[in-house]
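Structural features, examined
Now for the letters of each chain:
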Amino acid sequence: MRDPFPLHDPLDRMSGTAQLIDLDRQHVWHPYGPMPGRQENLVVSSASGVRLRLAAPAQGQEELVDGMSSWWSAIHGYNHPVLNEAATAQLGRMSHVMFGGLTHEPAVRLAEKLVEITPAGLEHVFLADSGSVSVEVAVKMCLQYWRSLGRTGKTRLLTWRGGYHGDTWQPMAVCDPDGGMHELWQGHLPRQVFADAPPGGFETPVDPAYADHLRTLIAAHADELAAVIVEPVVQGAGGMRFHNPGYLRVLRELCDEYGVLLILDEIATGFGRTGALFAADHAGITPDVMCLGKSLTGGYLTLAATLCTRRVADGISRGEVPVLAHGPTFMGNPLATAVALASIDLLLGQDWAGEVKRIEAGLREGLEGARALPGVRDVRVLGALGAVQLDHPVDVWAATRAAVREGVWVRPFRDLIYVMPPYVTGDADLARICRAVLAAAREG
Ligand SMILES: *Cc1c(COP(=O)(O)O)cnc(C)c1O
């Protein structure tokens with residue numbers, strides 16, 4: 001069967017790459033995909049710096065500049081000598097040992113480092129194996145905290161619309177309930193309390209009417225709310241919307257006033273992406289629980305962390321069941337924690353804020369032209385994140401093909417063509433990424 005949507009240049013049907021594409025489509029699920037796959041995936045043979053090398057040319061390109069950091073994660077680019085060295089050294093010692101009854105230096109040092117660099121007061125670290133699991137753990141911590149205190153009615157969560165927190169059950173229940181990826185499961189998920197989406201714009205002043213809306217909801221549900229959970233400053237996969245950090249201070253105050261815990265999901269925003277090391281730093285607040293993931297290992301391995309305050313940990317540990325009953329098989333994986341530690345040292349050892357500012361300036365300049373394109377509704381940039389919002393659902397295949405033709409990898413969704421380049425992206429590559437986004441916006 002001929003591929004209805006070929007991205008690669010015509011492939012010899014007997015070639016190894018063509019065969020991989022066929023097998024991939026027949027047997028392998030891809031994110032949010034049907035089975036068998038409807039479109040061909042590009043085959044990547046290696047990656048280095050900000051470039052993905054293709055196994056076979058696509059639209060005349062053998063390499064693509066990565067505009068996605070592999071979904072917010074590869075902040076230092078690919079095949080980085082420092083991260084390679086950390087992984088190789090750890091591989092020579094042990095790639096894994098169980099975490100029950102055993103511990104090891106990479107996990108302990110990483111936890112120490114995370115406590116040091118995250119907002120003051122977060123003292124305890126649960127190492128999970130993916131972002132979604134870290135959110136599950138965060139929710140479990142909060143529910144169990146109240147249960148331990150005898151407040152068994154406090155089992156619900158409040159969030160604002162437009163969010164995304166992952167694909168497992170508790171996270172799905174706090175993702176945007178309308179038009180999101182998990183609409184199918186409404187009615188089966190725990191019913192949570194939804195506030196309106198926060199007013200858009202990082203610099204748009206805090207709207208007192210919206211703050212009142214939050215107060216009204218939190219006050220009305222205080223007896224049944226275990227926690228408020230939000231993505232701070234940037235709502236990512238829910239729509240790439242930014243809000244004033246002042247709303248986080250409003251939430252912090254309301255949570256304190258009404259006896260509700262505050263979870264900040266920094267899985268996407270952590271490690272500098274928005275221009276602050278953590279988005280909570282824009283607001284100067286400490287959540288009770290914080291989730292980290294994605295760029296935690298510089299995009300090398302899957303690892304996430306749930307941090308909490310002493311109050312939350314003490315509460316749990318005073319309960320009738322004084323333990324947190326959660327323990328993934330690969331908890332605290334030595335390889336992943338060793339690379340995470342190296343990635344954080346690499347980040348903090350450079351002028352990361354300057355690099356993010358440089359990328360922000362490049363994105364602002366390079367994406368500005370998109371405003372004038374027909375079908376473009378908005379252009380938004382914050383830190384090393386740029387989004388072009390269309391006034392219609394993007395034709396993902398056409399937009400991808402247009403970007404690939406420009407030598408750039410992007411992965412649009414819904415009405416958005418967005419980029420979050422590695423911090424090491426040079427100015428010429430950044431300009432190229434922006435040109436590709438414009439091309440994708442024209443054709444998508
Ligand atoms: C990606 C993401 C998650 C889920 O992380 P996974 O590692 O994909 O499970 C949760 N929250 C936010 C804000 C995310 O961006």
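**Concerning the site of the ligand**
- Around the ligand, the neighbouring residues are S130, G131, S132, Y164, H165, G166, E231, D265, I267, A268 and K294.
- In this structure, an oxygen atom belonging to the ligand sits 2.8 Å away from a main-chain N or O atom of G131.
- Separating a nitrogen atom of the ligand from a side-chain N or O atom of D265 is a distance of 2.7 Å.
- Here the ligand has 380 Å² of accessible area as a free molecule, and 83% of this is covered by the chains.
- Of the residues that constitute the shell around the ligand, the class distribution is 3 nonpolar, 5 polar and 3 charged.

**Structural notes on the sheet that holds strand β13 (residues 376–382)**
- Across the sheet, 3 strands lie side by side as β13-β14-β16; this open sheet has antiparallel pairing. Strands at the two margins of the open sheet, each flanked by one partner only, are β13 and β16 (416–419). Direction aside, the axes of adjacent strands within the sheet are offset by 10 degrees on average.
- Direction of pairing for strand β14 (residues 385–390) relative to β16: antiparallel, over a ladder of 4 bridges. By the bridge assignment, G386 is partnered in β16 with V419.
- Across the face of the sheet, helix α14 (residues 427–443) comes into contact with β13, β14 and β16 while running at roughly 175 degrees to β16.

**Looking at the environment of A403**
- Relative to the helices and strands, A403 resides in helix α13 (residues 396–405).
- For A403, a relative accessible area of 0% corresponds to the buried category.
- Here the alpha-carbon distance between A403 and G315, two residues 88 residues apart in the chain, equals 51 Å.
- For A403, the contacting residues outside a window of four places in its chain are V408, V410 and A436.

**Overview of α13**
- Summarising burial for α13: 7 of the 10 residues are buried, a large majority.
- For α13, every residue scored as buried is listed here: W397, A398, A399, T400, A402, A403 and V404.
- Buried-residue contacts for α13 involve β2 (51–58), β3 (61–66), β15 (408–409) and α14.
- Of the residues one or two after α13, G407 is the one with positive phi, at around 85 degrees.

How each quantity is defined
- Residues numbered from 1 in each chain as written.
- Predicted model: local features only at pLDDT ≥ 70, side-chain atom pairs only at ≥ 80, totals over all residues.
- Heavy atoms only, no water.
- Near = heavy atom within 4 Å.
- Polar contact = N/O pair within 3.5 Å; in protein donor to acceptor, adjacent residues only side chain to side chain.
- Areas by Shrake-Rupley, 256 points an atom, 1.4 Å probe, with all protein chains shown as cover.
- Nonpolar A, V, L, I, M, F, W, Y, C, P; charged D, E, K, R; others polar.
- Pairing = 2+ DSSP bridges.
- Helix = DSSP H or I, 4+ residues; strand = E, 2+ residues; numbered from the N terminus.
- Axes fitted to C-alpha atoms, helices over the stretch in contact; angles between N-to-C directions.
- Contact = heavy atoms within 4.5 Å.
- Buried < 20%, exposed > 50% of the residue type's maximum accessible area, 1.4 Å probe, protein only.

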